[in-house]
Amino acid sequence: MQAYLSQNQNRFLDELLELLRIPSVSADSQYSNDVHKTAQFVAEKLQLAGADNVEICPTDGYPIIYGDKIISPNLPTILVYGHYDVQPADPIELWDSPPFEPIIKDQKIYARGACDDKGQMYMHIKAFETMMQTTGVPCNVKFMIEGEEEVGSPNLKTFVLNNKKRLSADVVLVSDTSMIANDVPSITIGLRGLSYLEVEVTGPNRDLHSGTYGGAVANPINILCQMIASLHDENNHITIPGFYNDVEQLSATDRQALNNRPFDLDEYQKHLDINAVWGEEGYTTVERVSIRPTLDVNGIWGGYTKEGAKTVLPSKAYAKISMRLVPNQQSDKITELFTKHFQQIAPPSVKIKVTPHHGGEAAITPTNSIAYQAAVNAMTTTFGKAPIPTREGGSIPIVALFEEALNVKTILMGFGLDSDAIHSPNEHYGLFNYFKGIETIPHFYHEFTKLSQ
Ligand code: BES
Ligand code: MN
Ligand code: MN
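The structure reproduced in this document is the subject of the present report. Computed from a predicted model, the values in this text were never measured in an experiment. Residue positions are given per chain, counted from 1 along the sequence in the order it is written. As a convention, the first chain written is A and the first ligand written is 1, with the rest following in written order. Reporting in this predicted model follows two pLDDT cut-offs: at least 70 for local features of residues, and 80 or more for side-chain atom pairs to be given and counted; totals over whole chains, interfaces and linings ignore these cut-offs and use all residues. Only heavy atoms go into the side-chain values, all of them from the structure, while hydrogens and water stay out.

### Regarding the site of ligand 1
Here a residue counts as near a molecule or strand whenever at least one of its heavy atoms sits within 4 Å of it. Taken together, 18 residues are adjacent to ligand 1, and Glu149, Asp176, Arg324, Ser395 and His423 come closest. Any pair of nitrogen or oxygen atoms within 3.5 Å is treated as a polar contact; in protein, a donor-acceptor pairing is required on top of that, and neighbouring residues in sequence qualify only through side-chain atoms on both sides. Arginine 324 has a polar side-chain atom sitting 2.7 Å from an oxygen atom of ligand 1. Working definition of accessibility: Shrake-Rupley area with a 1.4 Å probe, residue cover restricted to the visible protein chains. If ligand 1 stood free it would expose 520 Å²; the protein chains cover 90% of that surface. Class assignment of the residues belonging to the shell around ligand 1 gives a composition of 5 nonpolar, 7 polar and 6 charged. Both domain 1 (2-191 + 362-452) and domain 2 (193-247 + 293-360) contribute no fewer than three residues apiece to the shell around ligand 1. Charged means Asp, Glu, Lys or Arg here, nonpolar means Ala, Val, Leu, Ile, Met, Phe, Trp, Tyr, Cys or Pro, and polar covers whatever is left, Gly included. Domain borders in the structure are assigned automatically or taken from a domain database.

### Points about the coordination of the manganese ion (ligand 2)
In this description, a donor is an N, O or S atom within 2.8 Å of the metal centre, a cutoff extended to 3.2 Å for sodium, potassium and calcium. Water is not part of the atom list, which can make sites seem incomplete. Those protein atoms acting as donors to the manganese ion (ligand 2) are His83 (NE2), Asp116 (OD), Asp176 (OD) and Asp176 (OD), and they sit at 2.0 to 2.3 Å. Any coordination sphere not matching a tetrahedral pattern (four donors, all angles between 85 and 135 degrees) or a square planar or octahedral pattern (four or six donors, opposite donors over 155 degrees apart, other angles between 65 and 115) is reported as irregular. Note that the manganese ion (ligand 2) binds 6 donor atoms; their angles at the metal cover 57 to 166°, and the shape is irregular. Along the chain, the residues that donate to the manganese ion (ligand 2) are spaced as H-x32-D-x59-D. Separating the manganese ion (ligand 2) from the manganese ion (ligand 3) is a distance of 3.6 Å, and aspartate 116 supplies a donor atom to each of them. In this pair, histidine 83 sits in strand S3 (residues 77-83) while aspartate 176 sits in the loop between strand S7 (171-174) and strand S8 (178-179), placing the two residues 93 residues apart along the sequence. Between buried and exposed lies partly exposed: a residue is buried under 20% and exposed over 50% of the maximum accessible area for its type, with that area taken using a 1.4 Å probe on protein chains only. For histidine 83, a relative accessible area of 0% puts it in the buried group. Looking at aspartate 176, the relative accessible area reads 12%, which means it is buried. Only DSSP runs of H or I reaching four residues or more are called helices, and only runs of E reaching two or more are called strands; each is numbered from the N terminus.

Written as C-alpha cells, this is what we have:
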C-alpha cells in the first residue's frame, strides 16, 4: 500500500487541483452549471476508483452522488459522507491568488474548497482507490457526497429518508473537521448545532431626508443596532429568555478534560491579530468555541453604503444572525425563542420580520465504540501518537440526521487545521494533511473490520 501511495502522489494531487478548478459555489446560482459539472467529476472519479452502482441522484437542488462496494453481507458497512460544494469566494479582492486557480505555496494547496471539503472528501476516493489496487477493501463501503452542504442541505433529509435501506450502515465516516496540529492529531467528538435567520426592521414607508425627519422618526438601522446590542449582557451571556434552558452542563471532570488539550492563547491572538479574546464570562476560550452556545451577526446592511455621502433616514435595516447550539438545545425551539424575543423588544416605532433560514442539531460521538477505537488505532499508526478527543464549534447537521433517520453514529476524522482559513480568503490545505488523510483512511477500514468481528 505504501508503495502505491508514493507512486501515485503526483496524480492524486493533480486530480484534486482539477477538482478545485471547478467553482462549485452552491449559494450563488450563477455557478449552477459548475456545481453540476463538479457532481459529474466526482461520480466519474468514484467509478474509476472502482465503486459500483455509481449514480448522480437528482434532488430538488443539486444532486447527491451515491456509489458503493459491497463485499459481503457478513461484513460491516462504512458510509462515507462528504460535500463537493464550496462557500462563495468573497471578498475576492482579499485573495493573494485566484480562488479557483489552485496553487501550491509553502507545501499548501491554496484554493476555495481546498480543505472544506473538496480536499478532505477527495482523500476518501483516493484512499478507496488505493485499497482497491492493493490490499482490497476489507468491508462494505457506501459513498454519499452532496452538493448543498454549505447552504444547509435543504434536500438531504428527504433523500436520506427515501433511501434508508440503500444507506444503511454500521458507521458513518466524515472528514470535514480539523485536528489540533499536524503533530497533535485529534478526533472531533462534538459539533455544535445551528439556528440561522434573517431579520428585517421597517421604519417609515420610504427613505426620508435625514434633516427633515431625523430625530422625529425612528431610524431602523439605529434601532436594529440597539436591539442587537441588547442580545448580550455585560457578562456576554445571551439575554433571550429561555435560551440556556436546555443547555447541557458538563461535569467539572469533563470540562477539565476538554481544557487539557494543548491550546496557546498568545498564539491564538497573534494568529488573528487581536489584542484580547472576548466571550462568555466563566468559560475558557476552548469552552466558548465548543460547549457553549453563541449568537453572532453575520451581516448587517441598510441605507446608503456607496461612495460619498447621502443624507438619508432609511426605511429598512437588515441583519443575518446565527446562533451556535449545544447538545439538548433544539434548533427550531431556539429560532422560536429568538423570534418571540426580537418582536417583544422592538419599540412601537418599527415593524419586525424574522425569517428562519436553516438549522441543525448538535452532535456527540461516543468514545466507547468500536468505530471510535478504530479511528484511534488508525491515527495512532500513521501519526505515531494517539489522537486527542476534541469538540469543535462548527456544524454538520447531517450527523444528527444520520443518527435520527438511520440510527447510526458518525466518526469525525478530519485532517484540516483551524488555521486553514475555511470560508475565508486564502483557504488552504496542507499537502501533508491531504496525503496523511489518504494514508490513514484505509487503516480505519481495516481496524473497523477487525474490531467488528
Ligand atoms: N466543514 C464545515 C463544518 C465545520 C467547520 C466543522 C469547522 C468543524 C470545524 C461545514 O462545511 C460548514 O461550514 N458547516 C456550516 C453549517 C451549514 C449548515 C451551513 C457551518 O458550520 O457554518
Ligand atoms: Mn464542510
Ligand atoms: Mn463549510
